Amino acid sequence: MTTRQLSLGAFDPPREELGPGAVLLRRFAFSYDEERTLVAAIDTIVEAAPFRHMITPGGFRMSVAMTNAGALGWVTDLSGYRYTPRDPESDRPWPAIPSCLLRLASRAAKSGGFDGFVPDACLVNRYEPEARMTLHQDKNERDFAAPIVSVSLGIPAVFLWGGEKRNDTAKRVPLAHGDVVVWGGPSRLRFHGVLPLKDDEHPLLGRQRLNLTFRKAG
Ligand code: MD3
Ligand code: FE
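Residues numbered from 1 in each chain as written. Chains lettered and ligands numbered in written order. Predicted model: local features only at pLDDT ≥ 70, side-chain atom pairs only at ≥ 80, totals over all residues. Heavy atoms only, no water.

In the annotation of an unreviewed UniProt entry, the protein chain is listed under the name Alkylated DNA repair protein AlkB and assigned to Labilithrix luteola.

See below:
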């Protein structure tokens with residue numbers, strides 16, 4: 001038996017380095033929990049804070065529907081992008097991040113080289129066929145030293161992995177059900193987006209893609 005085989009623990013996820021500080025862990029989401037457990041946890045968030053299409057500062061309705069969990073939630077409206085402690089639709093605090101999702105995020109961060117990651121915000125994105133996210137940077141968070149951990153579920157998407165400037169050429173990275181990416185270090189402020197979703201059907205989630213992003217926002 002080789003040293004590598006002997007060193008295998010409960011699992012040793014295949015990892016793809018996308019760039020400095022950015023690590024793709026294929027199917028990592030199901031290493032500790034069954035997919036149904038994770039989907040049920042997302043359902044508890046959506047029951048307390050339903051998906052909604054937010055309006056950009058420029059007045060456009062986002063094709064991606066969103067909600068949040070955690071002490072802070074990301075919102076946009078005509079007055080701008082920001083994090084808020086309450087859901088503006090209900091004026092109640094955002095639901096707590098379910099513990100299985102918190103554990104998933106910190107285990108993934110650790111696997112990507114970021115020990116001690118405790119997110120205070122979980123943005124949940126829902127893409128139906130044709131929904132997209134144009135190239136942008138995530139810079140409403142207070143501390144760029146913390147990574148962002150993303151979890152993809154449901155039908156596949158093509159992720160656009162750009163550079164430090166909007167016009168830098170973007171690499172296309174297919175993301176599938178259960179894939180987790182840790183975006184930290186020099187990759188934290190790179191431009192990124194998602195191409196319009198192709199119509200497809202997932203056995204558990206139907207005709208949609210859910211993406212969770214765990215952040216340290218405050
Ligand atoms: C790279 N979401 O919610 S997740 C977003 O698939 C967002 O829904 C996309 O971009 C989605 O802001 C992409 C991957 C991701 C998230 C944050 C990043 C990649 C990132 C922050 C910095 C660099
Ligand atoms: Fe983003």
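Novice: Would you explain the environment of His202 in this entry?
Specialist: Among the secondary structure elements, His202 is positioned in the loop between strand S12 (192–194) and strand S13 (209–215). Residue His202 is classed as buried on the basis of its relative accessible area of 11%. The spacing of His202 and Pro156 is 46 residues in sequence and 8.8 Å in space, taken between C-alpha atoms. With sequence-adjacent residues up to four places away left out, His202 is seen in contact with Glu35, Gly154, Ile155 and His177. Polar contacts involving the side chain of His202 include one to the main-chain amide nitrogen of Leu204, which spans 3.0 Å. Side-chain polar atoms of His202 contact the backbone nitrogen of Leu205, separated by 3.2 Å. (Helix = DSSP H or I, 4+ residues; strand = E, 2+ residues; numbered from the N terminus. Buried < 20%, exposed > 50% of the residue type's maximum accessible area, 1.4 Å probe, protein only. Contact = heavy atoms within 4.5 Å. Polar contact = N/O pair within 3.5 Å; in protein donor to acceptor, adjacent residues only side chain to side chain.)

Novice: What am I meant to see in the coordination of the iron ion (ligand 2) here?
Specialist: Six octahedral donors around a metal ideally subtend angles of 90 or 180 degrees, whereas four tetrahedral donors ideally subtend 109.5 degrees. Coordination of the iron ion (ligand 2) by the protein is provided by His136 (NE2), Asp138 (OD) and His192 (NE2), with metal-donor distances spanning 2.0 to 2.2 Å. Every donor residue of the iron ion (ligand 2) comes from the same chain, spaced as H-x1-D-x53-H. Of the two residues, Asp138 is situated in the loop between strand S7 (133–136) and strand S8 (148–154) and His192 in strand S12; the sequence distance between them amounts to 54 residues. Like Asp138, the residue His192 is buried in the burial classification. (Donors = N, O, S within 2.8 Å, 3.2 Å for Na, K, Ca; no water.)

Novice: Explain the sheet that holds S8 to me, please; I cannot follow it from the model alone.
Specialist: The strands that make up a sheet are held in pairs by hydrogen bonds between backbone atoms, and each pair lies either parallel or antiparallel. Across the sheet, seven strands lie side by side as S1-S2-S11-S8-S13-S6-S3; this open sheet has antiparallel pairing. Every interior strand has two partners, whereas the edge strands, strand S1 (15–19) and strand S3 (65–69), have only one. Direction aside, neighbouring strands of the sheet carry axes that sit 20 degrees apart on average. Relative to strand S6 (residues 121–127), S3 runs antiparallel, the two sharing five bridges. Bridge pairing in S6 links Ala65 to Arg126. The strands touched by helix H2 (residues 35–48) are S3, S6, S8 and S13; relative to S3, the strand with the most contacts, the crossing angle is about 100 degrees. Packing of helix H3 (residues 99–111) onto the sheet brings it into contact with S1, strand S2 (22–25), S8, strand S11 (180–183) and S13, and relative to S8 it is tilted by some 120 degrees. (Pairing = 2+ DSSP bridges. Axes fitted to C-alpha atoms, helices over the stretch in contact; angles between N-to-C directions.)

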